[in-house]
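A closer look at the structure
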Amino acid sequence: MTIDNSLKIRAGQTRARSVLTRAERIVKLKETERWSEGSSPLGLPKVRVYKLSMKKKKKAKSTDDDEKK
């Protein structure tokens, strides 16, 4: 059987993930020194997921506009 076109993932996941796996949360906690070795991996504290947003580039004024004036 083939997969329906509406269910296919194109070019991987394009949106930012809002949930981290347990291993990713532990890595983030280690970076902020909130994780100690030997702690239980169950009941981990919340870890904020920062969403990256790309700024739009400003359009440079062309020299054609200056020449028209």
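**Topic: the overall build of the protein chain**
A tally of regular secondary structure across the protein chain gives two helices and zero strands. Summed over its atoms, the accessible surface of the protein chain is roughly 7600 Å², and 52% of this surface lies on carbon and sulfur atoms.

**What to know about the environment of proline 45**
Summarising the element assignment, proline 45 is placed in the loop between α1 (22–31) and α2 (63–68). Its relative accessible area of 36% is what places proline 45 among the partly exposed residues. Linking proline 45 and isoleucine 26, residues 19 residues apart in sequence, is a C-alpha distance of 9.5 Å. In this view, proline 45 contacts Arg25, Leu29 and Arg34; residues no more than four positions away in its chain are not counted.

**Here we look at the pattern of salt bridges**
The tally for this structure, following the rule as stated, stands at one salt bridge. Between glutamate 37 and lysine 30 there is a salt bridge, with its nearest N and O atoms 3.4 Å apart. Using a relative accessible area of 42% as the deciding quantity, one classes lysine 30 as partly exposed.

**Topic: unusual backbone geometry**
Positive phi outside glycine occurs at glutamate 33, with the angle close to 60°. Along the chain, the position of glutamate 33 falls in the loop between α1 and α2.

What counts, and where the lines are drawn
Residues numbered from 1 in each chain as written. Predicted model: local features only at pLDDT ≥ 70, side-chain atom pairs only at ≥ 80, totals over all residues. Heavy atoms only, no water. Helix = DSSP H or I, 4+ residues; strand = E, 2+ residues; numbered from the N terminus. Areas by Shrake-Rupley, 256 points an atom, 1.4 Å probe, with all protein chains shown as cover. Buried < 20%, exposed > 50% of the residue type's maximum accessible area, 1.4 Å probe, protein only. Contact = heavy atoms within 4.5 Å. Salt bridge = Lys/Arg side-chain N within 4 Å of Asp/Glu carboxyl O.

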